[in-house]
Amino acid sequence: QVQLVESGGGLVQAGDSLRLSCAASGRTFTRYSMGWFRQAPGKEREFVAAISSGGDNTYYADSVKGRFTISRDNSKNTVYLQMNSLKPEDTAVYYCAADLNFYDLKYLRTIDYWGQGTQVTVSS
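Residues numbered from 1 in each chain as written. Predicted model: local features only at pLDDT ≥ 70, side-chain atom pairs only at ≥ 80, totals over all residues. Heavy atoms only, no water.

A. Main features of the packing of aromatic side chains. Under the defined criterion, the tally for this structure stands at 6 aromatic pairs. With centroids separated by 5.6 Å and ring planes inclined at 75°, the aromatic side chains of F37 and F47 adopt a geometry described as edge-to-face. Of this pair, F37 sits in strand β4 (residues 33-39) while F47 sits in strand β5 (residues 46-51); the two residues are 10 residues apart in sequence, bridging distant segments of the chain. Residue F37 is classed as buried on the basis of its relative accessible area, which comes to 0%. Taken together, F37, F47, Y59 and W114 form an aromatic cluster joined through their ring pairs. (Phe/Tyr/Trp six-rings, centres within 6.5 Å; stacked < 30°, edge-to-face > 60°. Helix = DSSP H or I, 4+ residues; strand = E, 2+ residues; numbered from the N terminus. Buried < 20%, exposed > 50% of the residue type's maximum accessible area, 1.4 Å probe, protein only.)

B. Representation of the sheet that holds strand β8 (residues 78-83) in the model. Taking strand neighbours across the sheet as the criterion, the 4 strands line up as β1-β3-β8-β7 in an open arrangement whose pairing is antiparallel. Two strands in the sheet have a free side with no partner beyond their single neighbour: β1 (4-7) and β7 (68-73). Recorded for the sheet is a direction-independent mean angle of 15° between the axes of neighbouring strands. As paired elements, β1 and strand β3 (residues 18-24) share 4 bridges and run antiparallel to each other. Within the sheet, the bridge partner assigned to V5 lies in β3 and is A23. (Pairing = 2+ DSSP bridges. Axes fitted to C-alpha atoms, helices over the stretch in contact; angles between N-to-C directions.)

C. Here's a closer look at unusual backbone geometry. Not every positive phi belongs to a glycine, and N77 is a case in point at roughly 55°. Relative to the helices and strands, N77 is located in the loop between β7 and β8. Relative accessible area serves as the criterion here: at 18%, N77 is assigned to the buried category. One non-glycine residue, S85, adopts positive backbone phi at about 50°.

D. The arrangement of the nonpolar core in detail. Counting 37 residues, the largest nonpolar core has M34, W36, L81, M83 and Y94 as the members making the most contacts within it. Put simply, the parts of the chain that give this core at least two residues each are β3, β4, β5, β7, β8, β9 (92-99), α1 (102-106) and β11 (118-123). (Core = buried A, V, L, I, M, F, W, Y, C linked by side-chain atoms within 4.5 Å.)

E. Expanded view of the state of the cysteines. Going through the model one piece at a time under the given rule, you end up with 1 disulfide. Here C22 is linked by a disulfide to C96, with a sulfur-sulfur distance of 2.1 Å. Here C22 and C96 share a disulfide; its torsion about the S-S bond, -80°, makes the bridge left-handed. Residue C22 is found in strand β3, and its partner C96 is found in strand β9; the two are separated by 74 residues along the sequence. With a relative accessible area of 0%, C22 lands in the buried category. (Disulfide = S-S within 2.5 Å.)

F. Broad picture of the pattern of salt bridges. Throughout the structure, instances matching the rule amount to 5 salt bridges. Across the salt bridge formed by E46 and R38, the nearest N and O atoms sit 2.7 Å from each other. Relative accessible area serves as the criterion here: at 35%, E46 is assigned to the partly exposed category. Classification of R38 by relative accessible area gives buried; the value is 5%. One salt bridge connects D62 with K65, and the closest N-O pair in it is separated by 3.3 Å. On the basis of relative accessible area, D62 is assigned to the exposed category, the value being 68%. Here the salt bridges share partners, and the residues they tie into one network are R38, E46, R67 and D90. (Salt bridge = Lys/Arg side-chain N within 4 Å of Asp/Glu carboxyl O.)

Okay, structure coming up:
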């Protein structure tokens, strides 16, 4: 069983920065592509960012491109989401996900593993 634990969420003001972390268990972390998703109250879950297993390729939703950066440290079994220039519209529960297929994350197909989520609230 692979477990993903998100951390780093909180309450910030518009324009602030925040870094989310996702710590993964297991010995096969390096085989998985990783992604971040978010869900605001009353809205569908949406794709935010994804990174390939080796960290060489990334993909971002248009809404966060240029503001958010996904990265990973395979030696620490951890994936990060650096969020800059935060907007109230970024307010949501952010979920970490892992999948052997990068495109499953990119297109929100059936995902192998999900984290429990961490709340990000951006005030105006």
